[in-house]
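# Commentary on secondary and tertiary structure
Residue-level listing of the chains:
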Amino acid sequence: SEQPRSHTYLIKMLKLKTFLHTKPVFLYLLPVFFVLHGFTDNFPLVPVRDALILNAKYLAASLLFSLLFWLLYRNFYKANLVAFFIMAYNFFYGKGLDFLKTHFANTLIVQYTFILPFTVITFLLLAIFLKKTKKELTGIGKYLNYLFLLLILIDSANLLFKFTVRKKSLVYTLPTKLINCDTCSRPDIYLILADEYAGKTALKDKFSFDNSDFENRLKSRGFYVVNNSKSNYNRTQYSMASTLNMTYLENLTSTGINNIDIFQCLDIIEENNVAKFFKKNGYEIYNYSLFDLADKPKPVIPTFIPSRESLITAQTFTKRANKNLWFNFSSKRKIQDILDQNLNNNLKIDSLTRKIVCHKNTIPKFVYTHLVMPHYSYYFDSSGKKTNYENLTDGNEFNKEAYIEYLVYTNKKLLELIDHIKRISAKPPLIILMSDHGFRQFADNEKVDPRYHFMNLNSVYIPDGNYTGFYDGMSNVNQFRLILNSQFGQKLPLLKDSTSFIWY
């Protein structure tokens, strides 16, 4: 019985060998390898569904190219070779260009004026050569078949290893168990984030601007303004993950910004301890931010958070060209729409926040509002006049005068929103107005102490006016620890206030 089995196995192996030696399947192995390699490199950040859909798109594109070139050659081997080189060029373009930029920076060969004509000419010559040649090309095809099959097997083994040793998602548990507070008043809570709002000291030292008038207006409305407050991180995703989870971030892979850490931060934000606590205590969660919360997707598309699919596709020719060349072929209206994306996001988020204030019910609300202001782009001057579009393009983020103009405008809008919340709310709400980090848009030639990147705005309005425990120099990580302790009977220890600089 063993002999027929081994014979059958041998026949199957011979058939597979014949198949790999004669069929140009390398065209379809290439996208499988590309997506699998990207999925493995970024495991577990890219959802399986996204990877499968992306692979299906690339396989469909490969097949389409094959059919188009078959019309030219009437030969699938030649057609698949040309299609293969087109797909490979797209997949590996970014890596190749980065290599050239490393070794031939500021030369003609890394400019699109050279790259695009050179690419077109090269593919034309390849197409002509394949049209004229009488040579059998099965040797090249056999080599490519085996190469990409081997690479797929290696990545599959690597993925299996990563899966077996995969650690659980970064879930930060608090040192003291959070308890329910049945006797607490449960006011509506509004967390309003003003992105990149600089602290008073930074504004004075680096902008020669006195923001005391705005802080005094907050105080006149019953707010406690934290003196010398600071964020713990100088990057939005990191800062909000720490703030909403009431913990420092452990197990970061680098001191520089990178996609793995960014998406880990997004996962932490989605399952953060603050929202979990309020939900457990009978609150309805309203998410008007730039991030997904558990069962509460973000209402807008932020400009600075990449899609998870882009972890695989960012280096392709289509993505690089879209990033670097699209404006040459886009209409003026299209460019303006893209430049206005943060503005439109802010308008929608502000509108949603104002509407939910008017929504009357017996269930307390926790509302997270995240406005990308006074963060660049600086859309308005202090009087509310719209900025010209030419002042919204790259390079203008360093314009300190424009930042201050937009900050003054932001102050007016924040006070209007706060007054609306206090006026319309059925019972006095708890309002937190703070920023995720300080101003960061310093020019490369400007030597700035890193501590200025963390100096931020931090203020809170508590209905009973009990600000016991709040202190000068408080950082974001202790914000909700103090609020939960003073308003919800928790006994969370305060953490040491420290900062971690994330290099750009």
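Residues numbered from 1 in each chain as written. Predicted model: local features only at pLDDT ≥ 70, side-chain atom pairs only at ≥ 80, totals over all residues. Heavy atoms only, no water.

## Some words on the overall build of the protein
The helix and strand inventory of the protein stands at 17 helices and 6 strands. Projected onto the principal axes, the alpha-carbon positions of the protein cover approximately 85 × 65 × 40 Å. The proportion of buried residues among the 504 residues of the protein is 47%. Sequence-distant contacts in the protein: of pairs separated by 6 or more residues, those separated by 24 or more amount to 77%. (Helix = DSSP H or I, 4+ residues; strand = E, 2+ residues; numbered from the N terminus. Buried < 20%, exposed > 50% of the residue type's maximum accessible area, 1.4 Å probe, protein only. Contact = heavy atoms within 4.5 Å.)

## Here we look at the sheet that holds strand β4 (residues 365-371)
Backbone-to-backbone hydrogen bonds join strands into a sheet, with any given pair of strands oriented parallel or antiparallel. Taking strand neighbours across the sheet as the criterion, the 6 strands line up as β2-β6-β5-β1-β4-β3 in an open arrangement whose pairing is mixed. Looking at the sheet topology across the chains shown, the edges are occupied by β2 (224-225) and β3 (284-288). Inspection of the sheet shows β2 paired to strand β6 (residues 458-461) by 2 bridges, in the antiparallel sense. Each residue of the ladder has a partner; that of Tyr224, found in β6, is Val460. Across the sheet, helix α16 (residues 400-424) touches β1 (189-194), β4, β5 (430-434) and β6, and the angle it forms with β1 is around 175°. Where helix α17 (residues 479-488) meets the sheet, it contacts β1, β4, β5 and β6, and its direction lies at approximately 165° from that of β5. (Pairing = 2+ DSSP bridges. Axes fitted to C-alpha atoms, helices over the stretch in contact; angles between N-to-C directions.)

## Some details on a nonpolar patch on the surface
Taken together, the side chains of Val120, Ile121, Leu124, Leu125 and Ile128 make up a nonpolar region of the molecular surface, amounting to roughly 490 Å² of accessible area. Turning to its location among the elements, Leu125 is positioned in helix α5 (residues 112-132). We classify Leu125 as exposed; its relative accessible area is 54%. (Patch = residues over 30% accessible without salt bridge, like charges linked within 9 Å, V, L, I, M, F, W, Y side chains within 5 Å. Areas by Shrake-Rupley, 256 points an atom, 1.4 Å probe, with all protein chains shown as cover. Salt bridge = Lys/Arg side-chain N within 4 Å of Asp/Glu carboxyl O.)

## Some points on the packing of aromatic side chains
If you walk through the whole model with that rule in mind, you get 45 aromatic pairs. An angle of 65° between the planes, with centres 6.0 Å apart, marks the rings of Phe39 and Phe43 as edge-to-face. With a centroid separation of 5.4 Å and an interplanar angle of 15°, the aromatic rings of Phe114 and Phe118 are classed as stacked. One end of the pair, Phe114, and the other, Phe118, are both in helix α5, 4 residues apart, so they sit about a helical turn from each other. Given a relative accessible area of 28%, Phe114 falls into the partly exposed group. (Phe/Tyr/Trp six-rings, centres within 6.5 Å; stacked < 30°, edge-to-face > 60°.)

## Quick notes on the packing of helix α3 (residues 48-73) against helix α4 (residues 76-103)
Look at α3 against α4: their axes get within 8 Å of each other, and the N-to-C directions meet at 135°. As far as their axial angle goes, α4 and α3 are oblique. Crossing of α3 against α4: the hand is right-handed. Note on element contacts: α4 touches α3 through Phe76, Lys78, Ala79, Asn80, Val82, Ala83, Ile86, Met87, Asn90 and Phe91, opposite Tyr58, Ala61, Ser62, Phe65, Ser66, Leu67, Phe69, Trp70 and Tyr73. The residue inventory of the contact of α3 with α4, partitioned by class, reads 14 nonpolar, 4 polar and 1 charged. (Parallel < 35°, antiparallel > 145°, perpendicular 65-115°, else oblique. Left-handed = near helix turned anticlockwise from the far one by under 90°. Nonpolar A, V, L, I, M, F, W, Y, C, P; charged D, E, K, R; others polar.)

## Observations regarding helix α10 (residues 259-270)
Here α10 spans 16 Å end to end across 12 residues, near enough to the 16 Å set by a 1.5 Å rise per residue. Within the span of α10, buried status applies to Asp261, Ile262, Phe263, Cys265, Leu266, Ile268 and Ile269. Against the buried residues of α10 lie α9 (236-245) and α12 (310-313). (Expected span 1.5 Å × (residues − 1).)

## Here's the deal with the environment of Asp295
Structurally, the position occupied by Asp295 is in the loop between β3 and α12. Between the C-alpha atoms of Asp295 and Lys348, which are 53 residues apart in sequence, the distance is 20 Å.

## A few points about the pattern of salt bridges
Pairing between side chains of opposite charge can happen when the charged atoms of each approach one another. For the structure shown, the criterion picks out 15 salt bridges. When the shortest N-O distance is used, the salt bridge between Asp295 and Lys279 registers 3.8 Å. A residue pair is termed long-range when its members are at least 10 positions apart, and Asp295 in the loop between β3 and α12 and Lys279 in helix α11 (residues 273-280) qualify at 16 residues. Taken individually, Asp295 and Lys279 each receive the classification exposed, so the pair is uniform in this respect. Two residues, Arg451 and Asp449, come together in a salt bridge whose shortest N-O distance is 3.3 Å. Judged by its relative accessible area of 44%, Arg451 is partly exposed.

## A short note on the nonpolar core
Buried together is how nonpolar side chains tend to be arranged in soluble globular proteins. In terms of nonpolar packing, the biggest core is built from 132 residues, with Phe278 and Phe366 touching the most fellow members. Per-element tally for this core: the top contributor is α16, with 10 residues. Among the nonpolar cores identified, the runner-up in size contains 7 residues, and Tyr93, Leu97, Val110 and Leu325 belong to it. (Core = buried A, V, L, I, M, F, W, Y, C linked by side-chain atoms within 4.5 Å.)

## Quick word on the environment of Lys162
The topology assignment puts Lys162 in helix α6 (residues 138-164). Setting aside residues up to four positions removed in sequence, Lys162 forms contacts with Thr40, Asp41 and Phe43.

## Brief notes about the side chain of Thr236
On the secondary structure map, Thr236 appears in helix α9. Within the structure, the side chain of Thr236 is placed 3.2 Å from the side chain of His437, a separation counted as a polar contact. Setting aside residues no more than four positions away along its own chain, Thr236 makes contact with Asp195, Phe291, Phe304, His370, Asp436, His437 and Arg440. (Polar contact = N/O pair within 3.5 Å; in protein donor to acceptor, adjacent residues only side chain to side chain.)

## Concerning α9
Most of α9 sits inside the fold, with 10 of its 10 residues counted as buried. Of the residues making up α9, those classed as buried are Thr236, Gln237, Tyr238, Ser239, Met240, Ala241, Ser242, Thr243, Leu244 and Asn245. In this structure, the buried side of α9 is in contact with β1, α10, α11, β4, β5 and α17. One or two positions beyond α9, positive phi appears at Met246, with a value near 60°.

## Details of the packing of helix α2 (residues 26-41) against α4
Where α2 contacts α4, the two axes come as close as 8 Å, and the packing angle between them is 15°. As judged from the angle between their axes, α2 and α4 are roughly parallel. When you trace α2 past α4, the crossing you get is left-handed. Along its contact with α2, which presents Phe26, Leu27, Tyr28, Leu30, Pro31, Phe33 and Phe34, the element α4 presents Tyr77, Asn80, Leu81, Ala83, Phe84, Met87, Ala88, Phe91 and Phe92. Its residues placed into classes, the contact of α2 with α4 shows 15 nonpolar, 1 polar and no charged.

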